[in-house]
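Residue-level structure breakdown
Chain by chain, the residues run as shown.
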Amino acid sequence: MNIVFEKESQRFFINTKNTTYIIEIVKNEFLAHLYWGKKIENYFGSNKIMFRDRGFSPNIFKEDRTFSLDTLPQEYPQYGNGDFRPCAYHIIDKDNNTFSDLRYISFEILKEKPKLNGLPSSHGEKIETLVLTLLDEILGLEVKLYYSVFYDSDVIVRRTSFKALKDEIILDRMLSANVDFRTDNFDLLSLYGAHNNDRNIDRRPLTSGTYVLESTRGASSMHQSPFIVLIDKEGTENYGDVYAMQFIYSGSFYSAVHVDQYRNVRMQMGLQPFDNNWILAKGETFDTPEVVLAYSNSGLTGLSNQLHHFVRNHIIKEKWKNKARPILINNWEATYFNFTEEKLLALAKEAKEIGIELFVLDDGWFKNRNSDTSSLGDWEVDRNKLPNGIDGLADKIHSMGLKFGIWFEPEMINEDSELYRSHPEYTIQIKNRNLIYGRGQFVLDLSNKEVCNFIIESISKILDSQKIDYVKWDMNRHITNAGSLFLNSKNQRECTHRYMLGLYYIVETLVEKYPDILFESCSSGGGRFDLGLLCYMPQTWASDNTDAICRSKIQYATSLMYPSLVVGSHVSVCPNHQVGRITPLETRFNIALCGNLGYELDLTLLSNEEKSEIKNQIKFYKKVRDIVQFGDYYRLLNPFTTNEYAVNFVSKNKEEIIVVYLKVLSEPAAPFHILKLKGLDENSLYVDTVTNNVYSGAELMYAGLSLENVKQDFYSKKWYFKKFN
Ligand code: GLA
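If you're wondering where the values come from, they're calculated on a predicted model, not measured in any experiment. (Residues numbered from 1 in each chain as written. Predicted model: local features only at pLDDT ≥ 70, side-chain atom pairs only at ≥ 80, totals over all residues. Heavy atoms only, no water.)

**With respect to the overall build of the protein chain**
Condition: Helix and strand assignments come from DSSP, with helices taken as H or I runs of at least 4 residues and strands as E runs of at least 2, each series counted from the N terminus. Restricting the calculation to C-alpha atoms gives the radius of gyration, and the globule rule supplies 2.2 Å times the number of residues raised to the power 0.38. Between buried and exposed lies partly exposed: a residue is buried under 20% and exposed over 50% of the maximum accessible area for its type, with that area taken using a 1.4 Å probe on protein chains only.
When helices and strands are tallied, the protein chain shows 13 helices and 38 strands. Its C-alpha atoms give the protein chain a radius of gyration of 27 Å, within 12% of the compact-globule value 27 Å for 725 residues. Oriented by its inertia axes, the alpha-carbon framework of the protein chain measures out at about 85 × 70 × 45 Å. Within the protein chain, the fraction of its 725 residues that count as buried is 62%.

In structure tokens form, the structure reads like this:
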């Protein structure tokens, strides 16, 4: 039993393998948050909530001035009856009032996790779930709080559902989770970025006020990741309390950390409330997306290990969980829009010769698509470029012994397209307003089922040939003119959430219809790298920036949340197309091998030496692929705070180790550094497969590996150790 209700103390205990979360029913009707942290087997209330009459903190009960919702650590705070901190939800009733007053009614402990229809959701066998029901009788609002226990991953997944029992209610804030801490001894860590600069680590001390980390873009975005972490002020990579929230959703989101007047901290996450609401008709239920709650007492390493375990086992589909990912060649940076069938086949031939397994045809294969100004929406092959069609090309690629994949950007439409000319109303828009361009294109209105079905049909026409092994699903602009000609005026503010529901309907349908196709999601790189899409598509293109030095940071930060298995990572040409940098081919490979590997350059232009170097890289990756994709991952040197980057991978049986080290710039009078490995078996002996030197696990971890001083910028090195018997 991972969830227990203790009647005498009126407390709920939610236990994972190493953590405990405690809720107490206070005064029979309020849900207070008592504890979340390291596992406690026997709890008697040592950290009981203290009450005191506090100035300007209003009282629900005339006779008890010490009780105020303004100071109570709560599970799901509301607005209007005394708590002035940010609320978890907010409503507008039929009289235009915003007051609501939920009281605890009952609980259920389920042996399973109830299905969440229409939204991505975490999955697993026998996932116990606590459901707490609250009610505002006057308003006729029933709210259920769900807590599902992923015992082995040390994760609790929360969500909330709202039901209007009497009258219509407008939900204009409906967060999924709220946690109140009785301390502010934290730094706030989050990930921010931009196109080509995905996921940078930001760590700042908390002072007073509210820190909001959000997206209003209609996508989770590379600008802020839907992931926030509170880390002990003294916390590090290996040490300290760490609390994370991560959203299982791909649209606009909101997360906040509020430090209140008594230096308590409130942490929240959910749907973006700004410019979004939902009209809840009588009898209807609204489910919020899920939020992952993860706690570790061993710093960021502990947190990542838990999240990696969770993503592998409870987010990505069972089918792909243990499936090694193919090494691919993608023609985008090799040819952009300028290709012929002959050119693609020449590229594929080279690819096959050096050991690549999958050929991916990127943008530009459909009618009149010779630049990014036209044709999105017209998913029919361009016979000028591909006279034998997709099928003809796929047959030829298959006969070379390669798998075949193809690019789509299904959610978009160009003004210059057959689709726009015949269905301008399919576009997200506001009547009588000019449309705003993004990469010269508009967004399709996925709140309209007809549009969703159009997308499913047109993509299916290509996929039905059964000749496609892989799909890259792209999305290259954000939502403006957020409105729908299809929705009533009353429901316009539901447009962006309905868009996401439409998207999930489409991808769920396609992924179920074509279970053998490997889908990779992409949004100009990692612009929609989130747990929402990962529930359907088991890997994501991490960034359009393929420069090895930039990638070392992007992948390092990405590893806080995601295992390498889901992180698409390619070797490209130099000078690099995004930043112009020239780095050694070896370094480009050493960084790319830390994810699921691909190549994205014109192989036909390479010298024989380069080709044979790549051939050896691929041979090496095939040898170690399982260690990288299925092993444990450890961050060793942080490229955000040092001139270096290092990580190591340890196979599940701890018998094989891959270490990757990068020194960005050469230094004068450089010290001889030592690199300490992590996660090895201290009592085993490991042999360096290049030098045949033998070392103990303990010495590699505690004494470390001596690094050479090399006079070279962008120098990198990798080691492959095997257990020595
Ligand atoms: C986006 C993707 C790229 C490529 C182009 C094609 O930018 O991230 O990888 O597919 O679109 O237009």
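**Structural notes on the packing of aromatic side chains**
Counted only if it meets this: Any two of the Phe, Tyr and Trp rings considered here, Trp counted by its six-membered ring, make a pair once their centres fall within 6.5 Å; the pair's planes then place it as stacked at under 30 degrees, edge-to-face at over 60, or tilted in between.
Under the definition given, this model contains 44 aromatic pairs. Look at Phe366 and Trp407: their rings are 6.1 Å apart centre to centre, the planes differ by 10°, and that puts the pair in the stacked class. Residue Phe366 is found in the loop between β22 (358-361) and α5 (389-399), and its partner Trp407 is found in strand β23 (residues 403-408); the two are separated by 41 residues along the sequence. Classification of Phe366 as buried rests on a relative accessible area of 0%. Judged by its relative accessible area of 1%, Trp407 is buried. Pairwise contacts between aromatic rings join Tyr21, Trp36, Tyr147, Phe181, Phe186, Tyr243 and Tyr295 into one cluster.

**So, a negative patch on the surface**
Applicable threshold: Each patch is built from residues lacking any salt bridge and having more than 30% relative accessible area; the joining distance is 9 Å for like charges and 5 Å for nonpolar side chains (Val, Leu, Ile, Met, Phe, Trp, Tyr). Computed with a 1.4 Å probe, the accessible areas rest on the Shrake-Rupley method; for each residue, only the protein chains presented here act as cover. Each salt bridge in this description consists of a side-chain nitrogen of Lys or Arg and a carboxyl oxygen of Asp or Glu lying within 4 Å of one another. We count Lys and Arg on the positive side and Asp and Glu on the negative side, and we leave His and both chain ends out. Taken as the charge centre is NZ of Lys, CZ of Arg, CG of Asp or CD of Glu, depending on the residue.
On the surface, a cluster of negative charge is contributed by Glu586, Glu609, Glu610 and Glu613. The element that contributes the greatest number of residues to the negative patch is helix α12 (residues 608-630), accounting for three residues. Within the secondary structure layout, Glu613 lies in helix α12. Residue classification places Glu613 among the partly exposed positions, given a relative accessible area of 32%.

**Here we look at unusual backbone geometry**
For the peptide bond that leads from Cys574 to Pro575, omega is -5°, which places it in the cis range. Within the secondary structure layout, Pro575 lies in the loop between β29 (567-572) and α11 (585-592). Despite not being glycine, Gln10 shows a phi value in the positive range, around 60°. Relative to the helices and strands, Gln10 resides in the loop between β1 (3-6) and β2 (11-15). One non-glycine residue, Lys27, adopts positive backbone phi at about 50°. As for its position among the elements, Lys27 is in the loop between β3 (19-26) and β4 (30-38).

**Quick notes on the site of the ligand**
Applied cut-off: Nearness is defined per residue: one heavy atom within 4 Å of the molecule or strand is enough. Between N or O atoms, a polar contact is any pair within 3.5 Å; within protein, one atom must be a potential hydrogen donor and the other a potential acceptor, and residues adjacent in sequence are included only when both atoms are from side chains. When residues are sorted by character, Ala, Val, Leu, Ile, Met, Phe, Trp, Tyr, Cys and Pro go into the nonpolar class, Asp, Glu, Lys and Arg into the charged class, and all the rest, Gly among them, into the polar class.
Taken together, 13 residues form the shell around the ligand, and within it Asp362, Asp363, Arg439, Lys472 and Asp544 come nearest. In this structure, Asp363 approaches the ligand through a side-chain N or O atom, which is 2.6 Å from an oxygen atom. Take Asn476: an N or O atom from its side chain is 3.3 Å from an oxygen atom of the ligand. Grouping the constituent residues of the shell around the ligand by class yields four nonpolar, three polar and six charged.

**A look at α5**
Using the following cut-off: In what follows, a contact means two residues having at least one pair of non-hydrogen atoms within 4.5 Å.
When α5 is considered as a whole, its buried residues turn out to be Gly389, Ile390, Gly392, Leu393, Ala394 and Ile397. Turning to α5, the residues buried within the fold contact α4 (341-354), β22, β23 and α7 (449-463). Gly401 sits one or two positions beyond α5 and adopts a positive phi of about 95°.

**Side note on the nonpolar core**
Just so we agree on the cut-off: Take the buried Ala, Val, Leu, Ile, Met, Phe, Trp, Tyr and Cys residues and link them wherever side-chain atoms come within 4.5 Å; each set so joined is a nonpolar core.
Ranked by internal contacts, the top residues of the largest apolar core, which has 192 residues, are Trp365 and Tyr599. Aside from chain neighbours lying at most four places away, what touches Tyr599 is Ile327, Leu328, Ile329, Asn330, Ile356, His570, Val571, Phe589, Ile614, Gln617 and Ile618. Membership of the second largest hydrophobic core comes to 19 residues, among which are Ile657, Tyr661, Tyr686 and Leu707.

**Some remarks on the sheet that holds strand β26 (residues 470-473)**
How we decide: Any two strands with at least two DSSP-identified bridges between them are counted as paired. What counts as an axis is a line fitted to C-alpha atoms, over the stretch in contact for a helix, and the angles between N-to-C directions run from 0 to 180 degrees.
Strand order in the closed barrel formed by eight strands is β21-β22-β23-β26-β27-β28-β29-β30, with parallel pairing between adjacent strands. The average angle at which neighbouring strand axes cross in this sheet is 30°, direction not considered. In this sheet, β22 lies alongside strand β21 (residues 328-330) in parallel orientation, the contact comprising three bridges. In the sheet register, Ile329 faces β22, and the bridge partner there is Phe359. In this fold α4 packs onto β21 and β22, with an angle of close to 155° to the strand it touches most, β22. Running over the sheet, helix α10 (residues 548-558) touches β28 (539-541) and β29 and is turned about 170° from β29.

**Side note on the side chain of Ser148**
Tracing the backbone shows Ser148 in strand β8 (residues 141-150). Of the residues examined, Ser148 reaches a relative accessible area of 4% and is grouped as buried. Among the polar contacts listed, one links the side chain of Ser148 to the side chain of Thr129, at a separation of 2.9 Å. The contact partners of Ser148, leaving out residues within four places of it in the chain, are Lys113, Ile127, Glu128, Thr129, Val155, Ile156 and Val157.

**As for the environment of Ala394**
Within the element layout of this structure, Ala394 appears in helix α5. Residue classification places Ala394 among the buried residues on the basis of a relative accessible area of 0%. Between the alpha carbons of Ala394 and Gln272 there is a distance of 42 Å; along the sequence they are 122 residues apart.

**Some details on the sheet that holds β1**
Ordered by their spatial adjacency, four strands build an open sheet running β1-β2-β3-β4, and the pairing between neighbours is antiparallel. Among the strands making up the open sheet, the edge pair consists of β1 and β4. The sheet shows a mean angle of 15° between the axes of neighbouring strands, taken without regard to direction. Looking at chain direction, β3 and β4 are connected through eight bridges and run antiparallel. The residue of β4 that forms the bridge with Val26 is Phe30.

**Details of the pairing of β8**
With nine of its 10 residues buried, β8 lies for the most part within the structure. Looking at chain direction, strand β7 (residues 129-136) and β8 are connected through eight bridges and run antiparallel. Counted as the bridge partner of Val131 is Tyr146 from β8. The hairpin turn running from β7 into β8, its antiparallel successor, is four residues long, and Gly140 in that turn takes a positive phi close to 75°. Bridge analysis of β8 against strand β9 (residues 155-164) gives 10 bridges, and the strand direction is antiparallel. For Lys144, the partnering residue across the bridge sits in β9 and is Ser161.

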